[in-house]
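# Summary of the model geometry
The residues making up each chain are set out below.
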Amino acid sequence: MSCHDIGRGMNAVSQTVLDLYEEKQISKESAMRLILACRKGVHWCDGNENEAMEEVVERGYCGMCFEKTMELTNVYENDLRYPNCYKVFDDYDNTAAHYWLCPNCKNRVITEYKEKIVLKKEL
């Protein structure tokens, strides 16, 4: 059973971070780091990361470039087969604000992961 309260609480913090960013009171880098902290903070109480970043995704901020778009999609929704479909974001999980990405960033992440798989097979 997961704790939805911590996810909702972290989402409230994410909303404030976005408000500060949109008011130009904090930098893009600071906003992204704080949102990442909210996303990871839910793990203290078996929470859900998607609940902590709900407002960020609704407002359309890409987790990688932090540009606004209404074309965000979950990076785990991809054409890779199990278990690779879940490993695709491993290199970015501790630096990206979240895993909902604009088309350009999602394509880049998946392409880089596919290239990494090919390199591993060649070794």
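Moving on, we get to the nonpolar core. Of all hydrophobic cores here, the largest spans 28 residues; its most connected members are Met64, Phe66, Val88, Phe89, Leu101 and Val109. Secondary structure elements with two or more residues in this core: helix H1 (4-22), helix H2 (28-41) and helix H6 (103-122). Among the elements that make up this core, the one with the highest residue count is H6 (five residues). Apart from the residues lying within four places of it in its own chain, the contact partners of leucine 101 are Cys62, Gly63, Met64, Glu71, Leu72, Thr73, Val75, Phe89, Lys106 and Val109.

Let us now look at unusual backbone geometry. Of all residues except glycine, most have a negative phi; of all peptide bonds, most are trans. Residue proline 83 is bonded to the preceding tyrosine 82 through a cis peptide linkage, with omega at 5°. For proline 83, the position within the fold is in the loop between strand E1 (73-74) and helix H5 (84-87). Despite not being glycine, phenylalanine 66 has its phi angle at roughly 65°, a positive value. Given the relative accessible area of 2%, phenylalanine 66 is considered buried.

Thresholds applied
Residues numbered from 1 in each chain as written. Predicted model: local features only at pLDDT ≥ 70, side-chain atom pairs only at ≥ 80, totals over all residues. Heavy atoms only, no water. Core = buried A, V, L, I, M, F, W, Y, C linked by side-chain atoms within 4.5 Å. Buried < 20%, exposed > 50% of the residue type's maximum accessible area, 1.4 Å probe, protein only. Helix = DSSP H or I, 4+ residues; strand = E, 2+ residues; numbered from the N terminus. Contact = heavy atoms within 4.5 Å.

Structural measurements only, silent on function.
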